[in-house]
Amino acid sequence: DDDAEASKAQLWDLTRPFEGSCKLELIKFDDPRGRDTFWHSSSHVLGAALESKFGGLLTIGPSVESGFYYDMYLGERRLSEADFPAIEQGVERLQKSDQPFERLVISHEEALELFEGNPFKVDLIRRKVVPGALTTAYRCGELIDLCRGPHLPSTGRVKAFSVMKNSSAYWLGSADNDSLQRIYGVSFPSAKELKAHQTMLEQAKERDHRRIGKQQDLFFFNAMVSPGSCFWTSHGTKIYNRLQELMRAEYRNRGFDEVITPNIYSANIFKRSGHYQNYKDDMYGFKVEGQEWFLKPMNCPGHCVVFDSKPRSYRELPMRMASFGVLHRNELSGTLSGLTRVRRFQQDDAHIFCREDQIRSEVSSALQFVFDIYDLFGFEFSLSLSTRPKKAMGSEELWQRAEAQLTEALKASGRKWAINKGDGAFYGPKIDIQLQDALGRKHQCGTVQLDFQLPLRFNLKYQTVRQGAENMEDSAAPADAEGETSEADPEGGAASDAEPVLQPGYARPVILHRAILGSVERMTGVLAEHFAGKWPFWLSPRQCMVVPVSEDAREYASYVREALHSRGLHAEVNLGDGTLNKKVREAQVAQFNYILVVGKEEEEKMTVNLRQRGEKQPLGERPLAELVEQLEEENRPRALRRPRGLEPFRRATPTLVVEINAAAPASAAEE
C-alpha cells in the first residue's frame, strides 16, 4: 500500500550514511516533501546571510506553505525593503561558494555550550531536548543551527532566491516576549521556476480580493469602528446572499433542515462542550448580571442542545441540521487579513447526527455535496484522510471502525486521496478537502469530521428499541422552555470526566461536522480572486446594464431595466450624461455580464442590442421577452432551478420490517 509506505518513510540526507537495510526513494522539488526540505535548507542559507550582514541573534527559520522565513532579534533595529538587496547578495555569495550542509550529533550539554551566547536557542534546547539526550545541528558555511534536518547536500543547489517581504513577530508568538524581525523568502532549483512564481504573484496581486472589493464597491473594513468585521455594500451583499441561497436550495434537495440558535450563551454550555477549557482566549466574553457569557464562536454546541431538546428515536436518524449563524472569534489584530481572516463571519455549518452504521453513507453524501459545489465553481481539489492522533478520545477499535467507513467512502468517490497519518482531531478522524484556485493556490475551506466527544459531553442519545411513549419520555430529561438543564448536567456546568451511562435500549449518535464554503466571508474572497472579479452570471452583483443611446430612449431603457429587475435579475440603467461609448466602457470596467443598448428602433420592436462580457463583437438584436427568459434560466444553477412539473407517482417496493435491538441498530431500510 503506497500510502502506508509513505506514512512510514523517513526523510534522510543524501550525504548521510545508511544505518540499516531500506527501500530508497529519491525525492525531487515537485514532491511536497522535497519542496519542504528545499525551502527549509534555503531558510538556513537566509539565516547565514542575515547573521553575516546584521549580527543579531537568530531564533527559528521554518519552511511554510509559500516559502520560508527566518526570525532574528536585532534589538531596536528594524529591517525594511531597503535591506533586501544586501540580504540577497549575501545569499548569492553562499550559493556560489557551494557550502556543504554538515549534520552534527551533539549532547544536551554540548548544545547549551555551543549556543550559550544566544538565549533564544538556549530556551529552545531546554524546552525541546531532554538532559542527557542527543540532538542534531547543521553547519552551513559559518552558521551552525539547531535542526533535525534533513537538508540539501550543499548551498549551491539553491539556484534562484528572492526576499519576498518583512514583518515583525514575537518570540514564541507571545506579545509578552521580545519583538523579532521576520524576513520571508522563496527559492527554486532554477531561475525559470522563480520567474514563473513571480509572474503568478503579480497575477495574484491583480486578483487580490481586497483590491477587487474596492474597485467593485463590494465591501470595506473600518479599523476605527469594528476591526476585523466586514461592512458589505449592497453589491457585496448580493454575492453574500446568493451563496447562502445556493446552499439553502441544496439543503432542501439533500434533506437538511435549517435551525436558528442564539448568538450569546452562558459559559456553562462551553464548559460542557470543552471549548471553555481549550478555546476561551479566542472567544468574546462579557458579564450579564454577574454571570459569564460569550458570543457564539461555533454552531456545534447549540446544535447539540437542539438535538437534546426532546427524546429522539432511531427513526429520526440521520438528522441533518444546518445553520448560517453569526459567529465571532477573537483573532489577534496582526493576523486579520481582508475576508480571509475576520472576527465576525457566517459558516455554511451543518451537523449530521447519525448511527454508527450510517457513517459511510452520510460521509459519501457529504463528499458528493462538496464535489457538486466545487465543480460548480470550477475548483480543482484534493482529498486527504486524517487518522487517529496520539492523543485521541475513544477506543482504538471505535477509531478503526470509523476510519474504515471513511476509507470506504473515499474509495467509492472515485477520486484520488491521501492519508495524513495521526493528523485527525482528538475527537474523531476527518476528511480535509483542499481546493485549488485559478492560480494554483490551495485553500482549506471544506471538511468532513467525525465527532465522538460532543455526544458524550452532552449525553446525547436515541431510542433503539420499541418502548411505550411514556417510558420514552421518562427516560430523557432535555432542557425545558424555562431553560432547566438536562439530567446529564443538573448544575449546568462542565461535563463530568466520567462517561454518562446509557440506559438499556438507547445508543449514542455520532456527529458529522460538515462545511463546504467554510465561512461565507472567506469563500467570497477566494471566489473573487478565482474569477478575477469576473463573476459568473448567476453569482454576479452586476448582471445587466441598460444603456439608452439618447435622451429619447431613457423611458424605454427604464422599462427594460424594470422588466429584468421584476424577474429577480440585478439590472441597472445609466440615465446620466455622457456618450454612448463612455457608458458602454464604464459598464465593461464594472464587469457587467451583459450590456443592453436601446434606442428608438429597439423600442418600436421591443428588442435590445446585446453585448456580453468577454465578447469582442456585439451579439446583435434580441427580442426582450426571449432575452428575459434566457437570462432567468442562466441565473439558476442546478440547485436553484425549479421543477417544471410533478414527477409521476410510483409506489416503492415494500420493505421488510425487522425487529430492532440495541446490539444491532436498524439500517435505513429497516423501518
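Coordinates for the structure precede this section.
Residue positions within a chain follow its written sequence, with the count starting from 1. In view of the model being predicted, local features appear only for residues whose pLDDT reaches at least 70, and side-chain atom pairs are presented and counted only at 80 or more, with totals across whole chains, interfaces and linings using the full set of residues. Side-chain numbers here rest on the full set of heavy atoms in the structure, without hydrogens or water.

Q: How would you summarise the overall build of the protein if you had to cite specific residues and measurements?
A: Regarding its fold elements, the protein presents 20 helices and 30 strands. Each of the 671 residues in the protein was classed as buried or not, and the buried ones make up 47%. Should any heavy atoms of two residues lie within 4.5 Å, those residues are counted as being in contact. Expressed as a percentage of contacts within the protein between residues at least 6 apart in sequence, the contacts between residues at least 24 apart total 70%. When the accessible surface of the protein is totalled, it reaches about 35,100 Å², and 48% of it is carbon and sulfur. Here a strand is any run of E in DSSP of at least two residues, a helix any run of H or I of at least four, and the numbering for each starts at the N terminus. Remark: exposure states derive from per-residue accessible area (1.4 Å probe, protein chains only) relative to the maximum for the residue type, with buried under 20%, exposed over 50%, and partly exposed in between. For the accessible areas, the method is Shrake-Rupley and the probe is 1.4 Å, while residue cover comes only from the protein chains on display.

Q: Could you give an account of the packing of helix α17 (residues 554-565) against helix α20 (residues 624-634), with specific residues and numbers?
A: All axes are obtained by fitting lines to C-alpha atoms, using only the stretch in contact for helices, and the reported angles, taken between N-to-C directions, cover 0 to 180 degrees. Running from N to C, α17 and α20 point in directions that differ by 35 degrees, and their axes come no closer than 10 Å. In the packing of α17 onto α20, the handedness of the crossing is right-handed. Facing α17, whose interface residues are Y556, Y559, V560, A563 and L564, α20 presents L624, V628 and L631. In this count, Pro and Cys sit with the nonpolar residues alongside Ala, Val, Leu, Ile, Met, Phe, Trp and Tyr, while Asp, Glu, Lys and Arg are called charged and the others, Gly among them, polar. Of the residues that constitute the contact of α17 with α20, the class distribution is eight nonpolar, no polar and no charged. In this scheme the handedness of a crossing depends on how the near helix is turned from the far one: anticlockwise by less than a right angle means left-handed, clockwise means right-handed.

Q: Kindly report on the pattern of salt bridges, identifying the contributing residues and their values.
A: For salt bridges, the criterion is a side-chain nitrogen of Lys or Arg within 4 Å of an Asp or Glu carboxyl oxygen. The final tally for this structure, using the stated rule, is 35 salt bridges. Across the salt bridge formed by R210 and D208, the nearest N and O atoms sit 2.8 Å from each other. You can call D208 buried: its relative accessible area is 18%. Between K605 and E601 there is a salt bridge, and its shortest N-O distance comes to 3.3 Å. Placement of both K605 and E601 in helix α19 (residues 600-605) is noted, with a separation of four residues, approximately one turn of the helix.

Q: Any details on the packing of helix α12 (residues 359-377) against helix α13 (residues 396-413)? Residues and values, ideally.
A: α13 packs onto α12 with a crossing angle of 40 degrees between their chain directions and a minimal axis gap of 9 Å. The orientation of α12 relative to α13 falls into the category oblique. As for the relative orientation of α12 and α13, their crossing is right-handed in sense. Note on element contacts: α13 touches α12 through Q405, L406, E408, A409, L410, A412 and S413, opposite I359, R360, V363, S364, L367 and F371. Looking at the contact of α12 with α13 residue by residue, the classes come out as eight nonpolar, three polar and two charged. In this scheme, roughly parallel covers angles under 35 degrees and roughly antiparallel covers those over 145, while 65 to 115 is roughly perpendicular and the rest are oblique.

Q: How would you summarise the nonpolar core if you had to cite specific residues and measurements?
A: Generally speaking, soluble globular proteins have nonpolar side chains that are buried together. Core analysis: the biggest nonpolar cluster contains 59 residues, and Y374 and F377 have the highest contact counts within it. The biggest single contributor to this core is α12, with 10 residues. If we skip the residues at most four places from it in the chain, Y374 touches F379, F381, I433, L435, C445, G446, I516 and M523. Buried Ala, Val, Leu, Ile, Met, Phe, Trp, Tyr and Cys residues form a nonpolar core when they are joined through side-chain atoms within 4.5 Å. One finds L50, F84, V186 and F188 within the second-largest nonpolar core, a separate group that totals 33 residues.

Q: Tell me what's going on with a negative patch on the surface, and back it up with residues and numbers.
A: Each patch is built from residues that are more than 30% exposed by relative accessible area and take part in no salt bridge. Like charges join if they lie within 9 Å; nonpolar side chains (Val, Leu, Ile, Met, Phe, Trp, Tyr) join within 5 Å. Under the counting rule used here, the positive set is Lys and Arg, the negative set is Asp and Glu, and His together with the chain ends is not counted. All charge positions are set by atom: Lys at NZ, Arg at CZ, Asp at CG, Glu at CD. Together, E551, D552, E555, E603 and E604 make up a negatively charged patch on the protein surface. You can call E604 exposed: its relative accessible area is 61%.

Q: So what's going on with the packing of aromatic side chains? Residues and values would help.
A: Within 6.5 Å between ring centres, the rings of Phe, Tyr and Trp (the latter by its six-membered ring) count as paired, and their orientation is classed by plane angle as stacked under 30 degrees, edge-to-face over 60, tilted in between. Taken as a whole, this structure holds 29 aromatic pairs when the rule is applied. The interplanar angle of 40 degrees and the centroid separation of 6.1 Å between the aromatic rings of Y251 and F324 together place this pair among those described as tilted. Pair noted here: Y251 is in helix α8 (residues 234-254) and F324 is in the loop between β15 (319-323) and β16 (326-328), with a separation of 73 residues, a long-range link. Just as Y251 is buried, F324 falls in that class too. Members of the aromatic cluster, joined through ring pairs, are F371, Y374, F377, F379, F381 and W538. Only when the NZ atom of a Lys or the CZ atom of an Arg is both within 6 Å of the ring centre and within 35 degrees of the ring normal do we say a charge sits over the ring. Across from the ring centre of Y69, 3.9 Å away, lies the NZ or CZ of R182, which sits over that ring. Lying over the aromatic face of F307, R312 brings its terminal NZ or CZ to 5.4 Å of the ring centre.

Q: Which residues make up the side chain of E331, and what values do they have?
A: Mapped onto the elements, E331 comes out in the loop between β16 and β17 (344-346). Here a polar contact means two N or O atoms within 3.5 Å. Within protein one must be a hydrogen donor candidate and the other an acceptor candidate, and residues neighboring in sequence count only if both atoms are side-chain atoms. Within the structure, E331 has its side chain in polar contact with the side chain of R341 (distance 3.3 Å). Discounting residues that sit within four places of it in the chain, E331 has contacts with L336, R341, V342 and R343.

Q: Talk me through helix α3 (residues 84-97); I want residue IDs and the actual numbers.
A: Residues that lie three or four places apart on an α-helix share one face, since the helix turns once every 3.6 residues. A rise of 1.5 Å per residue sets the reference length of α3, with its 14 residues, at 20 Å; its end C-alpha atoms lie 20 Å apart and thus fit the reference within 8%. Among all positions of α3, only F84, I87, G90, V91, L94 and Q95 are buried. For α3, the arc enclosing every buried residue in end-on projection is 145 degrees, short of the 170-degree limit, so these residues lie on one face. Turned more than 90 degrees from where α3 packs its buried face, R93 and K96 sit exposed. Following α3 by one or two positions, D98 adopts a phi angle in the positive range, close to 50 degrees. Take the residue count of a helix, subtract one, and multiply by 1.5 Å to get its expected span. By arc we mean the arc of the directions from the helix axis to the C-beta atoms, nothing more.

Q: With reference to specific residues and values, describe the sheet that holds strand β20 (residues 417-420).
A: Note on pairing: two strands pair once DSSP finds at least 2 bridges between them. One open sheet accounts for eight strands, arranged β11-β15-β18-β25-β22-β21-β19-β20; its pairing is mixed. With partners counted over all chains shown, the strands left at the sheet margins are β11 (257-258) and β20, one partner each. Most of the contacts of α12 go to strand β22 (residues 442-451), to which it runs at about 165 degrees, and overall it touches β15, β18 (349-354), β19 (380-386), β21 (430-436), β22 and β25 (510-515).

Q: Can you break down the sheet that holds strand β27 (residues 571-573) residue by residue, with the values?
A: The sheet built from five strands is open, its strands ordered β27-β26-β28-β29-β30 with mixed pairing. Pairing within the sheet leaves two strands with one partner each, and these edge strands are β27 and β30 (620-623). Across this sheet, the average inter-strand angle for adjacent strands is 35 degrees, counted without regard to direction.

Q: Explain the environment of P153 residue by residue, including any values.
A: As for its placement among the helices and strands, P153 is situated in the loop between β6 (143-146) and β7 (160-170). Considering only alpha carbons, one finds P153 and S41, 112 residues apart in sequence, at a separation of 9.3 Å. Those residues in contact with P153 that sit more than four places away from it in its chain are L14, T15, P100 and F101.

Q: Could you give me a rundown of the pairing of strand β14 (residues 291-295), with the residues and numbers involved?
A: Here strand β12 (residues 264-266) runs beside β14; their pairing, made up of three bridges, is antiparallel. Paired with I264 across the two strands is L295, which belongs to β14. As paired elements, strand β13 (residues 285-288) and β14 share four bridges and run antiparallel to each other. Considered in β14, the bridge of G285 is made with F294. The antiparallel hairpin formed by β13 and β14 contains two residues in its connecting segment, where E289 sits at a positive phi of about 50 degrees.

Q: Can you tell me about a nonpolar patch on the surface, naming the residues and giving the values?
A: On the surface, L14, F18, L24 and L26 cluster together into a nonpolar patch covering about 480 Å² of accessible area. Its location among the elements puts F18 in the loop between α1 (2-8) and α2 (32-54). Residue F18 is classed as exposed on the basis of its relative accessible area of 51%.

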